[in-house]
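Listed below are the residues making up each chain.
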Amino acid sequence: MKIITTNQELIHSISDERLLGRSIGFVPTMGALHQGHLDLIRASLDRNCYTVCSIFVNPTQFNDPKDLEKYPRTLSSDSEMLLKAGCDLLFAPDVAEIYPKVPDTTPSFDMIGMDRVMEGKFRPGHFDGVVQVVYRLLDLVKPDHLFMGLKDYQQQAIIGRMILALNLPVFLVSVETTREEDGLAMSSRNARLTPEWRQKAPIIFETLQAVKTDVLAGKNISRIEAFYFSKLTELGFRMEYLEICNPLTLQPISHFKDKAVVCIALWAGDVRLIDNILIVA
Ligand code: PAF
């Protein structure tokens, strides 16, 4: 596996692959890799001749400077994991490489309010930063396929919207959430859960499955939301949201027709967790 840090080296390596007619898959990450990321790499290896992974802790998507400071940086163990997984190229640039001091060239597009709900409500400006960095990385890597996890449902939906609105020549592949055996969605934050919260945490996915059953049974949407919101609150979680929404626009729905996504964000002690489930009739 090649490890590079500059745009020049990246463009050089990619153009060699292009000249060889090899398709390119791209997995953007912020490092602190776990099995969920490796499943994205696997999905890329299955569909492409050449897989590029980026590790870049993007400052523009953090609204809390303390969060940015605390974010784990584990480049050497990450690169070992990528090597073992069969990744071809690791791009690990610094901030000046991604954001040189020229005016920002991210084209604007209508996020149709997708950035203002759920995560966008609790982390203002977060998705502007995500869009900015993913646009920049796509412009550098120019992959055939972009791989993103469904765990961050709203993020991949907004990036899908960007690709459509700006007519970008890349195909988004959204990959199923990787779960622990007890159903907890994998996340680098899970390691920070106390043993008590870790034991309770599988209830999040169990709740999502119960919501799905109730939605498919035709129960009232706002009553379902209120019921499970209170149930998780009673169990001691500090709830941010539990929303049943349209999976394409992310706007809340009042009736279920044929598809929906249920998204949850909550605090388990000091650790903020998110998860979601898709419902297709
Ligand atoms: O999901 C992440 O790790 C980040 O938001 C991403 C997509 C790599 C952009 O910085």
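Let me begin by describing the structure that accompanies this report.

Parameters at a glance
Residues numbered from 1 in each chain as written. Predicted model: local features only at pLDDT ≥ 70, side-chain atom pairs only at ≥ 80, totals over all residues. Heavy atoms only, no water. Near = heavy atom within 4 Å. Polar contact = N/O pair within 3.5 Å; in protein donor to acceptor, adjacent residues only side chain to side chain. Helix = DSSP H or I, 4+ residues; strand = E, 2+ residues; numbered from the N terminus. Buried < 20%, exposed > 50% of the residue type's maximum accessible area, 1.4 Å probe, protein only. Pairing = 2+ DSSP bridges. Axes fitted to C-alpha atoms, helices over the stretch in contact; angles between N-to-C directions. Left-handed = near helix turned anticlockwise from the far one by under 90°. Contact = heavy atoms within 4.5 Å. Parallel < 35°, antiparallel > 145°, perpendicular 65-115°, else oblique. Nonpolar A, V, L, I, M, F, W, Y, C, P; charged D, E, K, R; others polar.

## Structural notes on the site of the ligand
Around the ligand, the neighbouring residues are P28, T29, M30, N58, Q61, V133, M148 and Q155. In the environment of the ligand, an oxygen atom lies 2.6 Å from a nitrogen or oxygen atom belonging to the side chain of Q61.

## Here we look at the environment of G218
As for its position among the elements, G218 is in the loop between α10 (203-216) and α11 (221-234). Residues G218 and Q35, spaced 183 residues apart in sequence, show a C-alpha to C-alpha distance of 36 Å.

## Concerning the pairing of strand β9 (residues 271-280)
The element β9 is largely enclosed, with a buried count of eight among its ten residues. As paired strands, strand β8 (residues 259-268) and β9 are joined by ten bridges and run antiparallel to one another. Paired with W267 across the two strands is R272, which belongs to β9. Between the antiparallel neighbours β8 and β9 lie two residues, among them G269 with a positive phi of about 70 degrees.

## A look at the packing of helix α2 (residues 35-47) against helix α4 (residues 75-85)
Contact pair α2 / α4: the axes reach a minimum separation of 10 Å and the direction vectors enclose 35 degrees. Handedness of the crossing formed by α2 with α4: right-handed. Taking contact as the criterion, the partners of L38, I41, R42 and L45 in α2 are, on α4, M81, L82 and A85.

## Some details on unusual backbone geometry
The backbone of A32 sits at a positive phi, close to 50 degrees, despite the residue not being glycine. When you line up the elements, A32 lands in the loop between β2 (24-29) and α2. What makes A32 buried here is its relative accessible area of 10%. Despite not being glycine, I112 shows a phi value in the positive range, around 40 degrees. Along the chain, I112 falls in the loop between α5 (95-98) and α6 (119-122). I112 gets classed as partly exposed once you look at its relative accessible area, which sits at 31%.

## Brief notes about the packing of helix α7 (residues 126-141) against helix α8 (residues 153-165)
Their axes nearest at 10 Å, the elements α7 and α8 cross at an angle of 55 degrees. It follows from the interaxial angle that α7 and α8 lie oblique. With respect to the hand of their crossing, α7 and α8 are arranged in right-handed fashion. Together, F127, V130, V131, V134, Y135 and L138 of α7 and Q154, Q155, I158, I159 and M162 of α8 make up the contact between the two elements. Grouping the amino acids of the contact of α7 with α8 by side-chain chemistry returns nine nonpolar, two polar and no charged.

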